[in-house]
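Topology and contacts: notes
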Amino acid sequence: MGSQIELNDTLQITTDQGFPRELILETHLKKPFTADAFNGRVFSFVKPDKRLFHSAPTRVFLVHNINGKWLYWGHCQIIEQTIHAEKNNTTGKFIITKIYPPDYQRQISLNEIDPGKEYFVNQ
C-alpha cells in the first residue's frame, strides 16, 4: 500500500491548463504587473494525476509552463481543489497574491528549477 497522491507547493501549469492568459512576459517587462491588478479574480486549473496543493492561506508558487520551460510569476493561494480518481486529474481554483518584479522573476526562474527546465536559458 502507498499513497498515489502527490503533494505540491508549486502550481506549474500551461495556458491550456489554466495559466492566466493576461500574464504576458513582454508586457510585464515593459510595465510590471502587480497582484493588486488581480484582486477579486478567481482562476481555474486542471492538472493531470492526483495532486494535493497547500491550501489557503499558505502560498503556492505560480509557474507558467511554456513548452516544458518553467517561468516563475509569483505566489497564489489554492482556494478550491478536487481530486478526480476516475479521470486521474486534479481541478481547482486559485487567486494571485504576489507577482515578482521582472529582475527577481528572472533570477528565480534560472536558479530554482531542475536543469533543463530553465525558461531564460537560451532566451
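Thresholds, definitions, all that
- Residues numbered from 1 in each chain as written.
- Predicted model: local features only at pLDDT ≥ 70, side-chain atom pairs only at ≥ 80, totals over all residues.
- Heavy atoms only, no water.
- Buried < 20%, exposed > 50% of the residue type's maximum accessible area, 1.4 Å probe, protein only.
- Helix = DSSP H or I, 4+ residues; strand = E, 2+ residues; numbered from the N terminus.
- Pairing = 2+ DSSP bridges.
- Salt bridge = Lys/Arg side-chain N within 4 Å of Asp/Glu carboxyl O.
- Core = buried A, V, L, I, M, F, W, Y, C linked by side-chain atoms within 4.5 Å.
- Contact = heavy atoms within 4.5 Å.
- Lys, Arg positive; Asp, Glu negative; His and termini not counted.
- Polar contact = N/O pair within 3.5 Å; in protein donor to acceptor, adjacent residues only side chain to side chain.

A look at the pairing of strand β2 (residues 10-13)
- Here β2 shows no split at all, with T10 and Q12 on one side and L11 and I13 on the other all buried.
- Bridge count for β2 against strand β5 (residues 60-66) is four bridges, and the pairing is parallel. Bridging from a neighbouring strand, T10 pairs with F61 of β5.

A word on the pattern of salt bridges
- Here the structure, examined in full by the defined rule, presents four salt bridges.
- Here R51 and E6 are joined by a salt bridge, their closest N and O atoms 3.3 Å apart. Linking R51 in strand β4 (residues 51-53) with E6 in strand β1 (residues 6-8), this pair joins segments that are 45 residues apart in sequence.
- A relative accessible area of 41% places E6 in the partly exposed class.
- When the shortest N-O distance is used, the salt bridge between D49 and R51 registers 3.7 Å.

Focus: the nonpolar core
- Formed by 22 residues in total, the largest nonpolar core has its most connected members in L11, L23, L62, W73, I78, F94 and I96.
- Listing elements by their share of this core, those giving two or more residues are β2, β3 (43-48), β5, β6 (69-84) and β7 (89-99).
- At four residues, β6 tops the list of elements feeding residues into this core.
- Non-local contacts of I78, meaning those with residues more than four positions away in its chain, are made with L11, F45, F53, H54, S55, A56, V60, K93 and F94.
- Judged by nonpolar contacts, the second largest core, of seven residues, contains Y72, Y100, I108 and I113.

Things to note about the pairing of β7
- With six bridges joining them, β3 and β7 adopt antiparallel strand pairing. Paired with F43 across the strands is F94, a residue of β7.
- The pairing of β6 with β7 spans ten bridges and is antiparallel. Residue pairing across strands places T82 opposite T91, the latter belonging to β7.

Points about the side chain of K47
- The residue K47 is located in strand β3 in this model.
- Salt bridges are absent for the buried K47, whose nearest opposite-charge side chain, E6, sits at 7.5 Å.
- Within the structure, the side chain of K47 is placed 2.7 Å from the backbone oxygen of Q12, a separation counted as a polar contact.

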